[in-house]
Amino acid sequence: MSTYTLLLLRHGEGAWNKENRFCSWVDQGLSPDGLMEARTAGRLLRERDLQLDMVFTSVLSRSVHTAWLVLEEMDQLWVPVVKSWRLNERHYGALIGLNRAEMALQHGEQQVKLWRRSYDMTPPPIEASHPYYTHIYNDRRYSVCDVPKEELPRAESLKEVLQRLLPFWEGSVLPEIRRGRTILISAHGNSCRALLKHLEGISDEDIADVTLPTGVPVLLQLDEELKPLKPRELLGDQEKIQEAIRKVEEQGRVTGQRSS
Ligand SMILES: O=C(O)[C@@H](CO)OP(=O)(O)O
């Protein structure tokens, strides 16, 4: 029976992870720690002797840059990379740019947890008057998408992330996996969570408890039916990974932790 190897990776830490702001579709670069996390992820994959055949990223610089650093560390910079907006971070609508701890103070921690982690709650949409509206929709990268700019999301629940991601997964990624290719998807916390939900059959309720830290590769072994053969493996120092997960979860508390 053939098995498939799939790696999911949330990009290394970005500047706004540190500032505890909803980053979403704002094109923030990697922080110095994020650069290090991406290189460490690459070294971990090299130590496992993984040979990548193809990489998929979002169109946000932090996921593209992470993929590049991983490939460089693996000495596999030649590997083809395909980018799509459909792997972008969840569109946080009007919440973009806001500080999670301040939002928890204003709206309550429970509301922030629902916005961040519930499966089907869509945050308020971004309006044209929002300070980051032009930054996002006037960016040239969104004029070359497979849908017209007007049809791009203005806010998304995790469910809506999965809906826009699935056509790309099925049309572009799955055929490569079925050909036996080893794939890395370098994306974002919520696009990776949506994909994990789909692949592992996680319930709408349980997905709220799945948190991914930045820069930690998630190794999945799939059977011919694309069902996981064993539990997902988060690569790296397990104690540090648990600590990083706890920090991401605490970002929505009134005292708002920084991600690393
Ligand atoms: O800011 C964002 O876009 C995401 C990921 O960093 O935040 P959250 O963890 O709150 O979903």
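With an unreviewed UniProt entry as reference, the chain is termed Phosphoglycerate mutase, source organism Gouania willdenowi. Comment text from UniProt for the chain, heading Function (unreviewed entry), reads "Plays a major role in regulating hemoglobin oxygen affinity by controlling the levels of its allosteric effector 2,3-bisphosphoglycerate (2,3-BPG). Also exhibits mutase (EC 5.4.2.11) activity."

1. A few points about the nonpolar core
Core analysis: the biggest nonpolar cluster contains 36 residues, and Leu8, Val70, Leu184 and Ile185 have the highest contact counts within it. Every element with two or more residues in this core is listed here: strand S1 (4-10), helix H2 (32-47), strand S2 (54-57), helix H3 (61-74), helix H7 (158-178), strand S4 (183-187) and helix H8 (189-200). Broken down by element, the residue count for this core peaks at six residues, all from H7. When sequence neighbours within four positions are dropped, the list of residues in contact with Leu8 reads Ile185, Cys192, Leu195, Leu196, Val218 and Leu220. If you look at the next biggest cluster of nonpolar residues, it comprises 15 residues, including Tyr92, Leu95, Val112 and Trp115.

2. Looking at the site of the ligand
Surrounding the ligand, one finds Asn17, Phe22, Cys23, Ser24, Glu89, Tyr92, Arg116, Gly189, Asn190 and Val248. For the shell around the ligand, the class distribution of residues is four nonpolar, four polar and two charged.

3. Section: the UniProt feature "site: Transition state stabilizer" (unreviewed entry) in the chain
According to UniProt, the feature "site: Transition state stabilizer" (unreviewed entry) maps to His188 in the numbering used here. Residue placement: His188 occurs in the loop between S4 and H8. Its 28 C-beta neighbours within 10 Å are what place His188 among the buried residues. If we skip the residues at most four places from it in the chain, His188 touches Arg10, His11, Ser58, Ser63, Asn88 and Glu89.

The rules behind the values
Residue indices begin from 1 for each chain and proceed along its sequence in written order. Predicted model: local features are reported for residues with pLDDT of at least 70 only, side-chain atom pairs are reported and counted for 80 or more only, and whole-chain, interface and lining totals are derived from all residues. UniProt positions are given in the numbering used here, feature names are shortened, and annotations may be inferred rather than shown by experiment. By our criterion, buried Ala, Val, Leu, Ile, Met, Phe, Trp, Tyr and Cys residues that link up through C-beta atoms within 7 Å make up a nonpolar core. Residues with at least 20 other C-beta atoms within 10 Å of their own are called buried, those with 12 or fewer are called exposed, and the rest are partly exposed. The C-beta atoms themselves are positioned from the backbone. Starting at the N terminus, helices and strands are each numbered in turn, a helix being any DSSP run of H or I of at least four residues and a strand any DSSP run of E of at least two. Once C-beta atoms have been placed from the backbone, residue pairs whose C-beta atoms lie within 7 Å are recorded as contacts. Nearness between a residue and a molecule or strand is assessed with a C-beta atom placed from the backbone; a distance within 6 Å qualifies. Each residue is assigned to one class: nonpolar for Ala, Val, Leu, Ile, Met, Phe, Trp, Tyr, Cys and Pro, charged for Asp, Glu, Lys and Arg, and polar for all the others, Gly among them.

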